[in-house]
Amino acid sequence: AVNHSAVTINNTLFNTNRATATAGSSTASSATALAEGGALYIDASGSLTIGSDSSFSGNYVISSTTVAALGTGSSTAQGGAIYATGSSGSTTTLAIEGISFSGNFAVSASTTDGSTVGGTANGGAIFADHYVALTVESSGYSASSFSGNYTATFSTSPCGNGGAIYVAANASLIIQRGTHATPIDSAVFSGNGISGSTTTTVNGGAIYNAGTSTISNAEFTSNKVTANGGAIANVQGVLTVHGSIFG
């Protein structure tokens, strides 16, 4: 966890790390489970820069609830690789510079006996919560890449958003070429929102934006969802895109 501190990470591999949460009730009451940040959790007013030659692969968060008849519950999983949050007046900054995210995922599973249970999974690779400033850049000859990241929910009221990145309200995302990068893509998003051959993400195969996002010189290919925005879902957010490829 990064808490009220400045951290720089280079030449580091994060593979198959996980955060899990379970909750249950055998009576007619409620149960809530929340899992965040499979590899890294960044708290209010922290600062994290992750440089080139680093990668995140197969990291995940899983949240599950089991509720008895007439009970209520919810299960939420956010940020398969990275979860970041800030606070009003104390912005958390997260900088991604030419690194790769592959096969990271957030999964929410809820079971019930005759009751309504909600399940939400957001940000298969990165969840940028309130008051987070997220920057994704290329570095040298390397674009940042996001491939095969996804969200999945198993409940009576499923909701999975942002196969690769989720940008919450009052958060921001800038995708751009790095200062010293050669003229290549800033970031490449490919095959997000999909687990194997199954499309699992509901909204925003690559990016779900509820905040303010500016995307430049990025490439989006073969990202998929079951509902809205195969590449990007913009829901009550501000989105600007230029010089990018959607193929």
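First, a word on what this report is: a plain description of the structure on this page. Note that the structure is predicted; figures quoted are calculated from it, not measured.

1. As for unusual backbone geometry
Glycine aside, residues mostly have negative phi angles, and peptide bonds mostly take the trans form.
Here comes step 1: Of note in this structure, Asn 11 is not a glycine but carries a positive phi near 50°.
Here comes step 2: We note that Asn 217 has phi near 55°; this positive angle belongs to a residue other than glycine.
Here comes step 3: Relative to the assigned elements, Asn 217 resides in the loop between strand E26 (212-216) and strand E27 (218-221).

2. Here we look at the side chain of Thr 92
Here comes step 1: Its place among the elements puts Thr 92 in strand E11 (residues 92-97).
Here comes step 2: Within the structure, Thr 92 has its side chain in polar contact with the backbone oxygen of Asp 43 (distance 3.1 Å).
Here comes step 3: Not counting the four nearest positions on each side in its chain, Thr 92 is found in contact with Ile 42, Asp 43, Ala 44, Ser 45, Gly 46, Thr 85, Gly 86, Tyr 131, Val 132 and Ala 133.

3. Let's talk about the sheet that holds strand E30 (residues 245-246)
Here comes step 1: With parallel pairing, the seven strands of this open sheet are ordered in space as E2-E7-E12-E17-E22-E27-E30. Since the sheet does not close on itself, it has two edges, and those belong to strand E2 (13-15) and E30, each with one partner.
Here comes step 2: Here four bridges tie strand E22 (residues 187-190) to E27, and the two strands are oriented parallel to one another. Pairing of Val 188 across the sheet is with Glu 219, part of E27.

4. Some words on the packing of aromatic side chains
Here comes step 1: If you walk through the whole model with that rule in mind, you get twelve aromatic pairs.
Here comes step 2: Centre to centre, the rings of Tyr 83 and Phe 127 are 5.5 Å apart; their planes meet at 20°, and the pair counts as stacked. Remark: Phe 127 occurs in strand E15 (residues 126-128) and Tyr 83 occurs in strand E10 (residues 82-84); sequence separation between them is 44 residues.
Here comes step 3: Here Phe 127 falls in the buried class, since its relative accessible area comes to 3%.
Here comes step 4: Relative to Phe 220, the ring of Phe 189 lies with its centre 4.9 Å away and its plane at 5°, an arrangement referred to as stacked. In this pair, Phe 189 is assigned in strand E22 and Phe 220 in strand E27, connecting sequence segments 31 residues apart. For the pair shown, Phe 189 and Phe 220 are each scored as buried.

5. What to know about the sheet that holds strand E29 (residues 238-242)
Two pairing modes exist for strands in a sheet, parallel and antiparallel, and in both the strands are linked by backbone hydrogen bonds.
Here comes step 1: Taken together, seven strands build an open sheet; the order of strands is E1-E6-E11-E16-E21-E26-E29 and the sheet is parallel. In this open sheet, the two strands that pair with only one neighbour each are strand E1 (6-9) and E29. With strand direction ignored, the average angle separating the axes of adjacent strands in the sheet is 5°.
Here comes step 2: Where strand E6 (residues 47-50) meets E11, four bridges bridge the pair, whose relative direction is parallel. Its bridge partner being in E11, Ser 47 is matched across the sheet by Thr 93.

About the thresholds
Residues numbered from 1 in each chain as written. Predicted model: local features only at pLDDT ≥ 70, side-chain atom pairs only at ≥ 80, totals over all residues. Heavy atoms only, no water. Helix = DSSP H or I, 4+ residues; strand = E, 2+ residues; numbered from the N terminus. Polar contact = N/O pair within 3.5 Å; in protein donor to acceptor, adjacent residues only side chain to side chain. Contact = heavy atoms within 4.5 Å. Pairing = 2+ DSSP bridges. Phe/Tyr/Trp six-rings, centres within 6.5 Å; stacked < 30°, edge-to-face > 60°. Buried < 20%, exposed > 50% of the residue type's maximum accessible area, 1.4 Å probe, protein only. Axes fitted to C-alpha atoms, helices over the stretch in contact; angles between N-to-C directions.

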